[in-house]
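Residues per chain, in single letters:
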Amino acid sequence: MKRFFLLLASMLFLGVTVHAQFNSNPVLNLENKDKKFLNYGYFLGFNRYGFKFDYKNDRGNQNTEVLVLESTGFNVGLIGEMNLHEFLDIRMEPGLYYNARTMGFPGFQATEEGERNAIREVKSTYINFPILAKISTRRLGNWKPFLVAGPSASLNLGSNEASPDDNSSGTFRMKKWTYNYELGFGIDFYLEYFKFTPSIRGVFGLTDELVRDVDPNSPWTGNIEKMSTRGIFVNFTFE
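Residues numbered from 1 in each chain as written. Predicted model: local features only at pLDDT ≥ 70, side-chain atom pairs only at ≥ 80, totals over all residues. Heavy atoms only, no water.

**Student:** Could you give an account of the nonpolar core, naming the residues involved and the relevant values?
**Tutor:** The biggest cluster of nonpolar side chains holds 20 residues, and the ones touching the most others in it are F53, M103, F172, I224 and M227. Looking at this core, the elements that each hand over two or more residues are β1 (38–55), β5 (95–104), β6 (119–136) and β10 (224–238). Sorting elements by how many residues they give to this core places β1 first, with five residues. (Core = buried A, V, L, I, M, F, W, Y, C linked by side-chain atoms within 4.5 Å. Buried < 20%, exposed > 50% of the residue type's maximum accessible area, 1.4 Å probe, protein only. Helix = DSSP H or I, 4+ residues; strand = E, 2+ residues; numbered from the N terminus.)

Set out below in structure tokens:
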């Protein structure tokens, strides 16, 4: 995940450098765009979700660690932005985030049944509600870098929290509501008819998302102290 984040960041800044070199004295587009108190738009993008685990015993021992195979999902949502200052905006980005993760649990025998029990596929559809502070630099021609940070709450529509079944019946359960903080950066590009913004953001879960099995010694949940989300969002915004 770290390599993925660094690669995307390098590509983004490389694009900005090239753009700046060939547009040193551009004709300014949308000169009054940021002077409006309210701005609206939408975003499309993709994500990679993982988990961070804290264990009760043998922390860091590979024989007790849960393995997570991440995949790439997609994002779509709306944007509402309040301009409080030339360099400060408050941004709300309610969106739908879909992803699937495959988890491998330790301690099962290398048989067909054991391998089946050791694997859990977690499909998640989150409705994410972030409130972000956007801190920008001064506009440089037709582009403007910024940082974003703030809290978010996520509703997991596929949590299975209310299910009476647990892992002994093949059902992995998570809490319906989770709370996070988000941190990232991006660049506003002022095009002729709209503002286009690529951004990269990390999401860090603050709360324990795991719903434990009835058996306190469950091989799936018994040794987990805390399970929280870690993820990366790459969004492309149109305003």
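**Student:** Mind laying out the pattern of salt bridges, listing which residues take part and the relevant values?
**Tutor:** Applying the stated criterion to the full structure yields 13 salt bridges. We note a salt bridge from E70 to R48, for which the minimum N-O separation is 3.7 Å. Here the residue E70 occupies a position in the loop between β2 (67–69) and β3 (72–85), and R48 occupies one in strand β1, the gap between them amounting to 22 residues. Salt bridges here are not isolated pairs; linked through shared partners, they connect E81, R91, E93, K134, E182, D188, K195, R201 and E239. (Salt bridge = Lys/Arg side-chain N within 4 Å of Asp/Glu carboxyl O.)

**Student:** Would you mind going over the side chain of N75 in detail, with residue names and values included?
**Tutor:** Mapped onto the elements of the fold, N75 is located in strand β3. Only 2.5 Å separates the side chain of N75 from the side chain of N47, close enough to count as a polar contact. Setting aside residues up to four positions removed in sequence, N75 forms contacts with F43, L44, G45, F46, N47, L96, Y97, F233, V234 and N235. (Polar contact = N/O pair within 3.5 Å; in protein donor to acceptor, adjacent residues only side chain to side chain. Contact = heavy atoms within 4.5 Å.)

**Student:** Report on the layout of surface pockets, specifying residues and quantitative values.
**Tutor:** In this structure, the second largest pocket spans a volume of roughly 170 Å³. Lining the second largest pocket we find E31, D34, K35, N83, H85, E86, T137, R138, R139 and K144. Grouping the amino acids of the lining of the second largest pocket by side-chain chemistry returns no nonpolar, three polar and seven charged. (1 Å grid on protein atoms, 1.4 Å probe; cavity = no way out; pocket = protein on both sides within 12 Å on 5 of 7 lines; lining within 4 Å. Points joined across faces, edges and corners; volume = space filled by probe spheres on them. Nonpolar A, V, L, I, M, F, W, Y, C, P; charged D, E, K, R; others polar.)

**Student:** Outline unusual backbone geometry, supporting the account with residue identities and numerical values.
**Tutor:** For N160, which is not glycine, the phi torsion reads 65° and is therefore positive. Note that N160 resides in the loop between β7 (143–156) and β8 (177–190).

**Student:** Mind laying out the pairing of β6, listing which residues take part and the relevant values?
**Tutor:** Pairing geometry for strand β4 (residues 88–92) and β6, over five bridges, is antiparallel. By the bridge assignment, I90 is partnered in β6 with A133. Strand direction decides the pairing type here: β5 and β6, joined by 10 bridges, are antiparallel. Its bridge partner lying in β6, G104 is registered against I119. Pairing analysis gives nine bridges linking β6 to β7, with the strands arranged antiparallel. Residue pairing in the sheet places N128 in a bridge with S154 of β7. Turn length for the β6-β7 hairpin, with the two strands adjacent in sequence and antiparallel, is six residues, and the turn residue G141 shows positive phi of about 65°. (Pairing = 2+ DSSP bridges.)

**Student:** Tell me about the packing of aromatic side chains, and name the residues and values.
**Tutor:** Each aromatic ring pair is summarised here by two numbers: the centre-to-centre distance and the angle between the ring planes. Counted according to the given criterion, the structure contains 16 aromatic pairs. Consider the rings of F196 and F238, whose centres lie 5.4 Å apart with planes at 45°: the pair is tilted. On the criterion of sequence distance, the pair formed by F196 in strand β9 (residues 195–205) and F238 in strand β10 is long-range, its members being 42 residues apart. Here K134 stacks its cationic end above the ring of F146, 4.5 Å away from the centre of that ring. The lysine or arginine in question, R139, covers the ring of Y190, its NZ or CZ lying 3.7 Å from the ring centre. (Phe/Tyr/Trp six-rings, centres within 6.5 Å; stacked < 30°, edge-to-face > 60°. Lys NZ or Arg CZ within 6 Å of the ring centre and 35° of its normal.)

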